[in-house]
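Per-entry structural report
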2 protein chains.
Amino acid sequence: MKSVKVGLLGLGTIGTGVAKILTRKQEMIERAVGKKIELVKICDRNTSNDRGLGLPEGMLTDNVAEIMDDPEISIVVELIGGTTVARDFVLMALDKGKNVVTANKALIAKCGEELFEKAREKGVTIGFEASVGGGIPVLASIQTSLQANRIESIQAICNGTCNFILSEMESKNAPYADALKEAQRLGFAEANPTLDVDGSDSTQKLAILAQLAFGVKVDWQTIPRVGVDVVDAIDVTFARELGRKIRLLAIAERAEKGLVLKVAPTLVPENSNLAMVTNAFNAIRIVGDSVGPVFYQGWGAGQDPTASAVCSDVIDCALGRTKITFDSLRLWSDEREGVPILDAKEITSRAYIRFNVEDRPGVLAEISAALGKRGVSIAAMLQHPKENMDDKLVTIILMTYEAPAAALQEALDELATIPYIGKPVCLAVRD
Amino acid sequence: MKSVKVGLLGLGTIGTGVAKILTRKQEMIERAVGKKIELVKICDRNTSNDRGLGLPEGMLTDNVAEIMDDPEISIVVELIGGTTVARDFVLMALDKGKNVVTANKALIAKCGEELFEKAREKGVTIGFEASVGGGIPVLASIQTSLQANRIESIQAICNGTCNFILSEMESKNAPYADALKEAQRLGFAEANPTLDVDGSDSTQKLAILAQLAFGVKVDWQTIPRVGVDVVDAIDVTFARELGRKIRLLAIAERAEKGLVLKVAPTLVPENSNLAMVTNAFNAIRIVGDSVGPVFYQGWGAGQDPTASAVCSDVIDCALGRTKITFDSLRLWSDEREGVPILDAKEITSRAYIRFNVEDRPGVLAEISAALGKRGVSIAAMLQHPKENMDDKLVTIILMTYEAPAAALQEALDELATIPYIGKPVCLAVRD
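Residues numbered from 1 in each chain as written. Chains lettered and ligands numbered in written order. Predicted model: local features only at pLDDT ≥ 70, side-chain atom pairs only at ≥ 80, totals over all residues. Heavy atoms only, no water.

**Here we look at the pattern of salt bridges**
Within this structure, the stated rule accounts for 68 salt bridges over all chains. For the salt bridge of B:Asp201 with B:Lys105, the shortest nitrogen-to-oxygen distance reads 3.1 Å. Of the two residues, B:Asp201 sits in helix H10 (residues 200-214) while B:Lys105 sits in helix H5 (residues 105-122), which places them 96 residues apart along the sequence. The partner of B:Glu253 in a salt bridge is B:Arg430, and the shortest N-O contact between them spans 2.7 Å. Of the two residues, B:Glu253 is situated in strand E8 (residues 244-254) and B:Arg430 in the segment after strand E16 (425-429); the sequence distance between them amounts to 177 residues. One exposure class covers both B:Glu253 and B:Arg430, and it is buried. Three or more residues joined by partner-sharing salt bridges are found here, namely A:Lys373, A:Arg374, A:Glu410 and A:Glu414. (Salt bridge = Lys/Arg side-chain N within 4 Å of Asp/Glu carboxyl O. Helix = DSSP H or I, 4+ residues; strand = E, 2+ residues; numbered from the N terminus. Buried < 20%, exposed > 50% of the residue type's maximum accessible area, 1.4 Å probe, protein only.)

**Focus on the pairing of strand E4 (residues 73-78) of chain B**
Residue and element names in this part refer to chain B. The element E4 is extensively covered by neighbouring structure, given that five of its six residues are classed as buried. Pairing geometry for strand E1 (residues 4-9) and E4, over five bridges, is parallel. Across the sheet, residue Leu8 finds its bridge partner in E4, namely Val77. Pairing analysis gives four bridges linking E4 to strand E5 (residues 99-102), with the strands arranged parallel. Counted as the bridge partner of Val76 is Val100 from E5. One crossover worth recording links E4 to the parallel E5 by way of helix H4 (residues 85-95), and it is right-handed. (Pairing = 2+ DSSP bridges. Right-handed = clockwise from strand over helix to strand, strands pointing away.)

**With respect to the packing of helix H7 (residues 160-172) of chain B against helix H8 (residues 176-185) of chain B**
Residue and element names in this part refer to chain B. Following both chains from N to C, one finds H7 and H8 inclined at 125°, their axes separated by 9 Å at the closest point. In terms of axis orientation, H7 runs oblique to H8. Considering how the two elements wind past one another, H7 and H8 form a crossing that is right-handed. Taken together, the residues of H8 that come into contact with H7 (itself represented by Phe164, Ile165, Glu168 and Met169) are Tyr176, Ala179, Leu180, Glu182 and Ala183. Classifying every residue of the contact of H7 with H8 gives seven nonpolar, no polar and two charged. (Axes fitted to C-alpha atoms, helices over the stretch in contact; angles between N-to-C directions. Parallel < 35°, antiparallel > 145°, perpendicular 65-115°, else oblique. Left-handed = near helix turned anticlockwise from the far one by under 90°. Contact = heavy atoms within 4.5 Å. Nonpolar A, V, L, I, M, F, W, Y, C, P; charged D, E, K, R; others polar.)

**Side note on the sheet that holds strand E1 (residues 4-9) of chain A**
Each strand in a sheet pairs with its neighbour through backbone hydrogen bonds, running either in the same direction (parallel) or in the opposite one (antiparallel). Residue and element names in this part refer to chain A. Taken in spatial order, the six strands make up an open sheet running E3-E2-E1-E4-E5-E6, and their pairing is parallel. Either end of the sheet is taken by a strand with one partner, and the two such strands are strand E3 (60-61) and strand E6 (126-127). Here strand E2 (residues 37-43) runs beside E3; their pairing, made up of two bridges, is parallel. In the strand pairing of E3, Cys43 is matched with Thr61. Across the sheet, helix H1 (residues 13-24) is in contact with E1 and E2; its angle to E2 comes to roughly 150°.

**Quick notes on the sheet that holds E5(B)**
All names here are of chain B. The strand order across the open sheet built from six strands is E3-E2-E1-E4-E5-E6, with neighbouring strands paired in parallel fashion. With partners counted over all chains shown, the strands left at the sheet margins are strand E3 (60-61) and strand E6 (126-127), one partner each. Relative to strand E2 (residues 37-43), E1 runs parallel, the two sharing six bridges. Bridge pairing in E2 links Val4 to Ile37.

**A few points about the interface of chain A and chain B**
Accessible area lost during the coming together of the parts is what is often quoted as the interface size. Taken together, the 50 residues of chain A in the interface contact 50 residues of chain B. Carbon and sulfur atoms make up 55% of the surface buried where chain A meets chain B, a total of about 4,000 Å² over both sides. Sorting the residues of chain A by area buried against chain B places A:Ala148, A:Arg321 and A:Ile324 first, and these three jointly supply 14% of that buried surface. The interface formed by chain A and chain B contains four salt bridges. (Buried area = accessible area lost by both parts, 1.4 Å probe.)

**Looking at the relation of the copies chain A and chain B**
Taken together, a rotation about one axis and a shift along it account for how the two chain copies relate. Rotating chain A by 180° and moving it 0.0 Å along the rotation axis overlays it on chain B with an RMSD of 0.0 Å. In short, the pair behaves as if placed about a two-fold rotation axis. Of every C-alpha in chain A, the one belonging to A:Tyr296 sits nearest the axis of rotation, 2.4 Å from it. Comparing interface residues between copies, 100% of those in chain A also lie at the interface in chain B; the contact surface is shared. (Least-squares fit on C-alpha atoms with pLDDT ≥ 70 in both.)

**Structural notes on the pairing of strand E5 (residues 99-102) of chain A**
Residue and element names in this part refer to chain A. Burial along E5 is two-sided: the residues Asn99 and Val101 and Val100 and Thr102 are all buried. As paired strands, E5 and E6 are joined by two bridges and run parallel to one another. Each residue of the ladder has a partner; that of Val100, found in E6, is Ile126. Taking the sense of rotation as the criterion, the β-α-β connection linking E5, helix H5 (residues 105-122) and E6 turns out right-handed.

**Notes on the packing of aromatic side chains**
All names here are of chain A. Tallied over the full model, the rule gives 14 aromatic pairs over all chains. Residues Phe116 and Phe128 carry aromatic rings whose centres are separated by 5.5 Å and whose planes lie at 90° to one another, so their mutual orientation is edge-to-face. A residue pair is termed long-range when its members are at least 10 positions apart, and Phe116 in helix H5 and Phe128 in the loop between E6 and helix H6 (138-145) qualify at 12 residues. Accessibility expressed as a relative area gives 0% for Phe116, which makes it buried. When the ring centre of Tyr420 is taken as reference, the NZ or CZ atom of Arg360 above it lies at 3.9 Å. (Phe/Tyr/Trp six-rings, centres within 6.5 Å; stacked < 30°, edge-to-face > 60°. Lys NZ or Arg CZ within 6 Å of the ring centre and 35° of its normal.)

**A few points about empty space enclosed by the protein**
On inspection of all chains with the given rule, the structure shows two cavities of 30 Å³ or more. As a volume, the largest cavity reaches approximately 580 Å³. Taken together, 36 residues line the largest cavity, and the ones lying closest to its centre are A:Thr144, A:Asp316, A:Arg321, B:Thr144 and B:Arg321. Around the second largest cavity, the lining residues are B:Ile108, B:Ala109, B:Ala207, B:Gln211, B:Val216, B:Lys217, B:Val218 and B:Trp332. Only H5 and H10 of chain B provide two or more residues apiece to the lining of the second largest cavity. Within the lining of the second largest cavity, the residues separate by chemical class into six nonpolar, one polar and one charged. (1 Å grid on protein atoms, 1.4 Å probe; cavity = no way out; pocket = protein on both sides within 12 Å on 5 of 7 lines; lining within 4 Å. Points joined across faces, edges and corners; volume = space filled by probe spheres on them.)

**With respect to the packing of H4(B) against H5(B)**
Residues and elements named next belong to chain B. It is at 9 Å that the axes of H4 and H5 come closest, and there the two elements cross at 15°. Of the possible angle classes, the one that applies to H4 and H5 is roughly parallel. Crossing angle aside, the handedness with which H4 passes H5 is right-handed. Here Ala86, Arg87, Val90, Leu91, Leu94 and Asp95 of H4 lie close against H5, whose contacting residues are Leu107, Cys111, Glu114, Leu115, Lys118, Ala119 and Lys122. Each residue belonging to the contact of H4 with H5 can be placed in one class, and the counts come to eight nonpolar, no polar and five charged.

**Focus: the environment of A:Ile208**
Residue and element names in this part refer to chain A. One can find Ile208 in helix H10 (residues 200-214). Under the relative-accessibility criterion, Ile208 is labelled buried at 0%. If sequence neighbours within four positions are ignored, Ile208 has contacts with Lys105, Ile108, Ala109, Phe128, Ser131, Val132, Leu139 and Trp332.

Honestly, it's all geometry; don't read function into it.
Here is the structure:
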C-alpha cells in the first residue's frame, strides 16, 4: 500500500508536537487506521536545531520549495502562525494541488473565504480542527455528528490564557495584573498577551464557529468584543455574591430575528458546566434542536493536545474523510445558507454594569432613573461599605433583567454626561 | 442528484424521533450536506397508528420484505431493540447489501463480531453512534478525532436512569426505592428497570467502548459489574462526608499489565466533572496520551437526542464517510490489536466498603486486622452514633488506599466467616 506523504511548515511548539506524533506513533496509527502516513519534510527558518526529535539527515530544511515542489507530498501542515507568510504558503500549497491542515485561527478567520475558494478550485481540502478548542474535537462534531440539528447556540471558553487568569483571580482573590503575571510565569500567557486578553483570539475562533454552525461569513473585527483586561478583582467578588462566576465567553446564539455574536467576560451561574471550567481548560457548550445541550471540555492549547487535533486532521485527510466533509459542507461559500447577524443594538440581553461614582447623595437615584425610564429593570444592585472613609469614590454594581441593548446604551450615554459618574464597565450575563 | 433511500425498522420512541427528523428536516439536511436523504418505508408490527407523523399512504407497513426487497433502499435503520428479531433483520439487511444504522447496544455488544464480519463480507457498513451516550458524539470521537492518541482511560456515566436515581438520592436524601419510583414516575426508568439498575446496560456500552478504544473483544457478561441497586442512602451520606459523590461508572483503563474493565457505583471527588453530572445526563471522560482528558456531557437517552445520533450516522453513511471509517478500523476483527484484559483479581484499586455488623466490642479490630495483615491500608473509616439504642446493628464504612483486589477479596472472605459481620457492600473509588 502506498503511504501518504506529509510536509510540515513551522517547527515551533505545535510543529514539534506534530512531528513527534507522526514519527513516533507512525506504526500505531498505521495499525489503527490501516494507512501509512509519513512525515517526509519539515521546513523552518531555523535548521540548526531539531528540537530533540532526532530527525533523519535532510528532513529539516529552510527551503520551502522542497515541500511545495515535491509531487509526492499530498498534505501540507501549516504551523507558522500569523496571516502573512502562512497565507502565502497555504495558497501556494493549495495551488500546487496539496491538501492543507492548519491550526491557524487567525488565518482561517481572516482569509477563510479566499483559502476555501482556492481549495475548491483545486479540488483539495483544508483541515482546521486545531484552530478552535485545541484537542477538543468540536469542529468535527459540528461538521459531522450534529448535522441533523439546527444549532441554537454556542457558548465557548476558547482561550486558555483568559480562563487561567479568571480562575486565578477567583481562587486567590488576585488582582488582574497579578493573575496575568502568574499566567506569564507559568507559560500560559505570552510576553505580549494583548491578543488573548483583549478577546481578539476568542473572537477569531467565534468567527470560525459561526461559519460552521450558522453559515455566516463575518469579519471577526466587527463582532462586539470585551476582553478580560477590563475585569477587576471586585467584579469577581460581586459575581460571587450574585451566585456567579466570570468566564470569557464567545457566544453565537439565535435570537428571534437573527444571530447574536459577541465575546465578553460573562457572569454564568456558579453551578453551571461553564463555571466549573477552571485553569487553562477550554470548553464549548452547543445546543442543538434535537440533541439538546452537548458540552465538551479539554485542553485548548499546548503542544500535545493541539498536535493531537492536527494529526487527526492529517489522518482524516489521508483516509479521504476530509474530502467528503469538505465537498458536502461548502464552507465559506455563497452556497451556504447563512443566518442574518443582528446588529449589537438589536440584541436583548442581561447585563452586569460596574460604576465608579463619587460618593454623594442622589447618584444611585440618577443611575436608576436613567435605566428605569427606558424600561431597563434592575435584577440586583450591590454596593459595599467603604473600607476607607477618605475614598471619594464608591463602586456600585447593577445586574439588569433582559433589556434591549439599545435602551441600555442610551441610558449609559445619558449617565456619561454626568461628571461624578465614571465610565462604567459592562460585562455579559447568561443564565 | 440521486437521493439516498432509507428504510426504518421499528416505530417506537426513537423510531418516531428518527422519522420526524428525516421527514421534517429533509430540506435542511439537504441544504447543509448537499445530499437528499429520503425515508421511504417504515416497518412496525403496529400499522394502525402513525404516531402523529402524518406519514404518506403506504409508507408504514408490517411487511419487512417491503424494505429488504427494495433495491433502492441502501440504508436500513434498526430501532427494534433486543437481540432476537433485531439480529435477524440486521443480518438480513446486511446480506441484501444494505448498510445498517442502529441504536441497539445490546445487539452490538452481543453480536458485534458476527454482524461486523457479515458487513465486511458484503462490503457494507454498520453505524452505531446512538448505542452509547445517546446524542453525545463520543463514538465518532474515538473512531476519528482521537486517532492520534493511545487511549489511556475511559470513564463513562452512560445510563441516565441510574444517574437520575443517584442524583435524586443525593439531592433529596431519598432512599433507593423512592428514587427509583420517582424515576419511573418521570419516565426515566422502565416498569422493569433491572437491566438499568443492575448495571447490565452500562456494561454492554462499556464492551462497545472497549472494542473501539482498546481493540478488545469481550463478552460483556464477564465484566465485573455492580449496579446502583446496592447503593443505600447511607452510602450517599458517607460519600458526602468523604468529599465525594457516587456515580455509576463504566471504566476501561490501562494498568501496568493490561486493561481494567469494570462497572460499579464509584465514589468520585465532589468537584470533579463526573460528580457535576446530575439528573439523567450522560458523560464520558476520555484520556488520551496526547490530547489529555476530554470530557463530553449530554442527554444519553430520549427520543430527540438519540434520533440526532441515529440521523448523523445516516448522513455519514449517505455521504460515504462511514465506509471509510468502517474499512479503516476493522472493528471486531482479528486484525485489531487488542490490549490484554486483566482478571478482576489482578486489579489494584481503592475501595469503599460498607459493613453492617453487630454492635459488640472487637468488631472493628477484626475487620481492620483482616485487612491490615494483607497489606490493605485504610484511608478513612466512618461510623455514626446509633440513632436508636435498641438497634443491634451498626454500619461501619471503610475507604482503602490502592490495594490488590485479590488481597481485599481474601480479607472479605475471611470476614464472611464471622457470624456477626454481615455481607459487605463494595463500591469503587476514583480520584
